[in-house]
Amino acid sequence: MPPKRRGPLQIVQRETDDIKRKVDALVQQAAKTDVSENTETLQRCKELLRLVDDIMKRLKKLSKADEPAPVGNYDQCKREEEKRLLTLHDHLQSLALQLLPHDETAGPSSSQTEQESDEEDSDEEDESSEEEDAKGDVHDEDDDADSSDEDTDMGHAAEQGSASYIALSSFTAEEEGDLSIQKGEVLKVLSKNKDGWWLAQNSNGQKGLVPKTFLKMSSSLQDSERENEDEEDSEEEQESSKTSNWNTVRKAVTEIDATDVLSAMGAIPPGFRPSTLSRLLEEGTSYRASHFIQPKLSQSQLSFKDLHMDPDTGKVHGRPSRVSLTLTLWSCRMIPSPGVGLQVLSRHVRLCAFNGTQVLSNIHTIRATYNSKNPKTWSFSPRMTGMLPCLLDGDCFVRCDSESPDLGILFELGVTYIRNSTGERGDLSCGWTFLKLFDESGAPIALRTQELTIHGGTPFEKDSDMDTMSTKKGYQTGVFHQMLLSRKMPKLVVKLKSLNSSSRSRLNLLPDTIVGSLSTLHLLATYRQILADALLLDRVTMCNADLICSAVLASFPVVLDQPDLMDAFRKSWSESESNLRRSDKRDINVLKQMFVSVYMGSVFPLLFSAEMPTPCWADEETESQRARIIYNPSQKTSIETLLSSQNSHQAFDITQVTYDLISSARH
């Protein structure tokens, strides 16, 4: 029988084990050797460092599709290997600093990399590439490797004391491994994770994870980075490879300072900032509904915390949550508009559960409409014939099980813009407001219409005005003047509503924490029923983590993040439901069968159609093209159209019909 072929991830694991043994032997040898023999040990340490970097780059490029056989816990194993390699890299780097002579360690942080390049001056190309890696430059051959190398290099620079950040707000550690920080504290960032949690070290030497939204790059580091970029700009005529690197770094610096530039030009009001919630959405799926709709594993990892089956009825057992309500966005008043240098592509409101320090739920977006004669007033849920798109629907539901006394709803008013001069796109926050859901005694607030004042800046800034008018600058403070001034303050009008019995029973079927459109509630509740059948009834044992063959479970969370496909699903569902008898509309088994039938016959083929463009937020051309494909009468799905040579679909991937419990469930 031929030996089993190892997958790329298993090869990386074996190589990491081999390096681990070499590092342990090197540490023991360094402890026994004299100072005169440190040169040879230092050279071996540098070789192992380069080997660790090469393996890390290969690991970053790996994906689940590269494996010859399905791997149930692939993502978890990959993260563990990344942690092991980072630990080895840190260990080797500290060992190299100990082996360096005192006259070299007393110099600047870049002396180590300069020595490496001097020792290998026989090869000019290798020398220049090592200098670029030491400075944090990245190659533009692969975008994915681009970002990973940049994060790693920034982490190395921070360990040498060059990446200093200032805390914008205080943060209290809530889990083991977190680092508590105070506002204004200077921290050193050791590594940057893609999930938004950065490994930082304070002045006392304590290390831990800190959310990156709480940190701001210090001015001294920004100045040094600009000086390095100027030096690279002068050398780009000699080496063409540096041209693309300089463009990458210059683009990053431009994005950081874009708001300051636009504010100085008068293109945006002083209270505008880069959108905090938009950045969180761009980082991945951690703050999207597709992540929060998944079941959450219990502490034992053998059962589910928020998904239970009622043995008597065979239905999902409803779970009440601390916050479970519906709300309606009415309007926004006196919202400042950007200047003439910007073209607004979208006006919207993003909302989520918030406790004053961190986002607790997914981020839900509602697009606003406005009248060109009165652009400072935004409205929601416009009147139209037919079905109202869920992206425009101001009726939302909110569920959250956090026990925080400061629990509430964060609203961020934002615009997506494009600069007329450069064509650059961006997302700006027009202001924010926070609705606290519990009073000082811990009792829920009254469910009524709330008129919330919009604040400028970000939720982590204090006393940032939306307009130049302020009573803090010597203006009149009379009662009549205050009444006039309050009418000119930006406001968001929200109506909190109690739940009826039908909505309450459906909401209790959803996860303990989730925010979404009320128009999709019935679909989400039915999906959770199907999910419970597959995970709680059809599995042989609760310890079974085999892949589940189900196209609905595998792809519906992806559809949940695409509002236009959800609208197509709602439309097809409404047409099919109108043909049901009244008794069938209350039969959960009939509804589950209809869910699978309607989904596979309408949305699933559209999701993997080769003609369907990739979703792009606030891109009118892309949205129009997707709408033409979704609502084209010729796109009606049937056996004939699916097998027709004129109907093209993406190449089949096993992940389209495979539900991976280990990687999908929340931990």
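Check the entry above for the structure.
J.: Residue-level account of the overall build of the chain, with values.
T.: Counting secondary structure elements, the chain contains 20 helices and 19 strands. Expressed as a percentage of the 667 residues in the chain, the buried residues total 44%. Partitioning the contacts of the chain with sequence separation of at least 6, the portion at a separation of at least 24 is 70%. In the structure as shown, the chain presents an accessible area of about 35,200 Å², 49% of it carried by carbon and sulfur atoms.

J.: Summarise the sheet that holds strand β1 (residues 164–167); cite the residues concerned and give the values.
T.: By way of backbone hydrogen bonds, the strands of a sheet pair with one another, either parallel or antiparallel. Reading across from one edge, β4-β3-β2-β1-β5 is the order of the five strands in this open sheet, with antiparallel pairing throughout. Pairing within the sheet leaves two strands with one partner each, and these edge strands are β4 (207–211) and β5 (215–217). Shown here is a sheet whose adjacent strand axes are inclined to one another by a mean of 50°, direction ignored. Direction of pairing for strand β2 (residues 186–192) relative to strand β3 (residues 197–201): antiparallel, over a ladder of four bridges. Pairing of Lys188 across the sheet is with Gln201, part of β3.

J.: How would you summarise unusual backbone geometry if you had to cite specific residues and measurements?
T.: Glycine aside, a negative phi is what most residues show, and trans is what most peptide bonds show. One non-glycine residue, Met334, lies in the positive phi region at around 60°. Along the chain, the position of Met334 falls in the loop between β7 (323–333) and β8 (342–354). The class of Met334 is partly exposed, set by a relative accessible area of 30%. At Ser381, a position not held by glycine, the phi torsion is positive, near 50°. With a relative accessible area of 28%, Ser381 lands in the partly exposed category.

J.: Help me get a handle on the nonpolar core, residues and values and all.
T.: Of all hydrophobic cores here, the largest spans 55 residues; its most connected members are Phe595 and Tyr599. Those elements that provide at least two residues to this core are α11 (289–292), α14 (521–537), α15 (551–560), α16 (563–577), α17 (588–607) and α18 (620–630). Apart from residues lying up to four places away in sequence, Tyr599 is in contact with Ala551, Val552, Ser555, Phe556, Val559, Phe569, Phe604, Pro605 and Leu607. With 37 residues, the next largest nonpolar core counts Val349, Leu351, Val398 and Leu496 among its residues.

J.: Before we move on, could you go through the sheet that holds strand β6 (residues 273–274) and cite the residues and values that matter?
T.: Within the open sheet, the five strands sit side by side as β6-β14-β13-β8-β9. Their pairing is antiparallel. Of all the strands in the sheet, just β6 and β9 (364–367) have a single pairing partner and so form its edges. Where β8 meets strand β13 (residues 408–419), 12 bridges bridge the pair, whose relative direction is antiparallel. Of the residues in β13, the one forming a bridge with Leu342 is Arg419.

J.: Quick one: what's the story with the packing of aromatic side chains, residue by residue and with numbers?
T.: In total, this model carries 14 aromatic pairs according to the counting rule given. Each ring, one from Phe556 and one from Phe595, has its centre 5.6 Å from the other, and the planes form 65°; the classification is edge-to-face. Placement of the pair is Phe556 in helix α15 and Phe595 in helix α17, with a sequence separation of 39 residues. For the residue pair Phe556 and Phe595, the accessibility class agrees, reading buried in each case. Measuring from centroid to centroid gives 5.0 Å for Phe604 and Phe608, while their planes differ by 65°, and the two rings are edge-to-face. Among the residues examined, Phe608 registers a relative accessible area of 16% and is labelled buried. Feature note: the residues Tyr527, Phe556, Phe569, Trp573, Phe595, Tyr599, Phe604 and Phe608 constitute an aromatic cluster, connected by ring pairs. Of note, Lys192 hangs over the ring of Trp198, and the distance from its end group to the ring centre comes to 4.5 Å. Sitting over the ring of Phe438, Arg322 keeps its end group 3.9 Å from the ring centre.

J.: Which residues make up the environment of Gln343, and what are the values?
T.: By secondary structure assignment, the location of Gln343 is in strand β8. Each C-alpha atom, one on Gln343 and one on Thr416, is 8.6 Å from the other, the two residues being 73 residues apart in sequence.

J.: Give me the lowdown on the environment of Phe380, citing residues and values where you can.
T.: Residue placement: Phe380 occurs in the loop between β11 (374–379) and β12 (395–400). Residues Phe380 and His348, spaced 32 residues apart in sequence, show a C-alpha to C-alpha distance of 9.4 Å. Filtering out sequence-adjacent residues up to four positions away, Phe380 remains in contact with Leu329, Trp330, Ser331, Cys332, Val349, Ile366, Arg367, Ala368, Leu392 and Gly394.

J.: An account of the pattern of salt bridges is requested, with residue identities and associated values reported.
T.: The final tally for this structure, using the stated rule, is 21 salt bridges. The salt bridge partner of Glu451 is Arg333, with a shortest N-O separation of 2.7 Å. Of this pair, Glu451 sits in strand β15 (residues 449–453) while Arg333 sits in strand β7, and the two are 118 residues apart along the sequence. Of the charged contacts in the structure, one is a salt bridge between Asp533 and Lys592, with a shortest N-O distance of 2.5 Å. Of this pair, Asp533 sits in helix α14 while Lys592 sits in helix α17; the two residues are 59 residues apart in sequence, bridging distant segments of the chain. Lys592 sits in the buried class, given a relative accessible area of 12%.

J.: How would you explain the pairing of β3 if you had to name every residue and give the values?
T.: Because side chains alternate across β3, one face comprises the buried residues Trp198 and Ala200, and the other comprises Trp197, Leu199 and Gln201, none of which is buried. Taking the residues that link successive antiparallel strands as the turn, the β2-β3 hairpin has four residues, and the phi of Gly196 there is positive, at about 95°. By the bridge criterion, five bridges tie β3 to β4 in an arrangement that is antiparallel. Across the sheet, residue Gln201 finds its bridge partner in β4, namely Lys207. Linkage of β3 to β4, two consecutive antiparallel strands, is achieved through a turn of five residues, within which Gly205 is found at a positive phi near 90°.

J.: Describe the side chain of Thr520, and please don't skip the residues or the numbers.
T.: As for its position among the elements, Thr520 is in the loop between β17 (514–517) and α14. With relative accessibility at 5%, the residue Thr520 sits in the buried group. In this structure, Thr520 is in contact with Cys390, Met566 and Arg570, ignoring residues within four places of it in sequence.

J.: Give me the environment of Gln29: which residues, what numbers.
T.: Along the chain, the position of Gln29 falls in helix α1 (residues 8–32). With a relative accessible area of 29%, Gln29 lands in the partly exposed category. Residues within four places of Gln29 in sequence aside, it is in contact with Thr41 and Arg44.

J.: I'd like to hear about the pairing of β13, residue by residue, with values.
T.: Burial of β13 is extensive: 11 of the 12 residues sit out of reach of the surface. As paired elements, β13 and strand β14 (residues 425–436) share 11 bridges and run antiparallel to each other. Each residue of the ladder has a partner; that of Gly408, found in β14, is Lys436. The turn linking β13 back onto β14 is made up of five residues, and Gly423 within it adopts a positive phi angle of 75°.

J.: Pulling in residues and values, what's your account of the packing of α15 against α16?
T.: Look at α15 against α16: their axes get within 7 Å of each other, and the N-to-C directions meet at 115°. What the angle tells us is that α15 and α16 run roughly perpendicular. Taking contact as the criterion, the partners of Phe556, Val559 and Leu560 in α15 are, on α16, Leu565, Met566 and Phe569. Among the residues making up the contact of α15 with α16, the classes are represented as six nonpolar, no polar and no charged.

Calculation notes
- Residues numbered from 1 in each chain as written.
- Predicted model: local features only at pLDDT ≥ 70, side-chain atom pairs only at ≥ 80, totals over all residues.
- Heavy atoms only, no water.
- Helix = DSSP H or I, 4+ residues; strand = E, 2+ residues; numbered from the N terminus.
- Buried < 20%, exposed > 50% of the residue type's maximum accessible area, 1.4 Å probe, protein only.
- Contact = heavy atoms within 4.5 Å.
- Areas by Shrake-Rupley, 256 points an atom, 1.4 Å probe, with all protein chains shown as cover.
- Pairing = 2+ DSSP bridges.
- Axes fitted to C-alpha atoms, helices over the stretch in contact; angles between N-to-C directions.
- Core = buried A, V, L, I, M, F, W, Y, C linked by side-chain atoms within 4.5 Å.
- Phe/Tyr/Trp six-rings, centres within 6.5 Å; stacked < 30°, edge-to-face > 60°.
- Lys NZ or Arg CZ within 6 Å of the ring centre and 35° of its normal.
- Salt bridge = Lys/Arg side-chain N within 4 Å of Asp/Glu carboxyl O.
- Parallel < 35°, antiparallel > 145°, perpendicular 65-115°, else oblique.
- Nonpolar A, V, L, I, M, F, W, Y, C, P; charged D, E, K, R; others polar.

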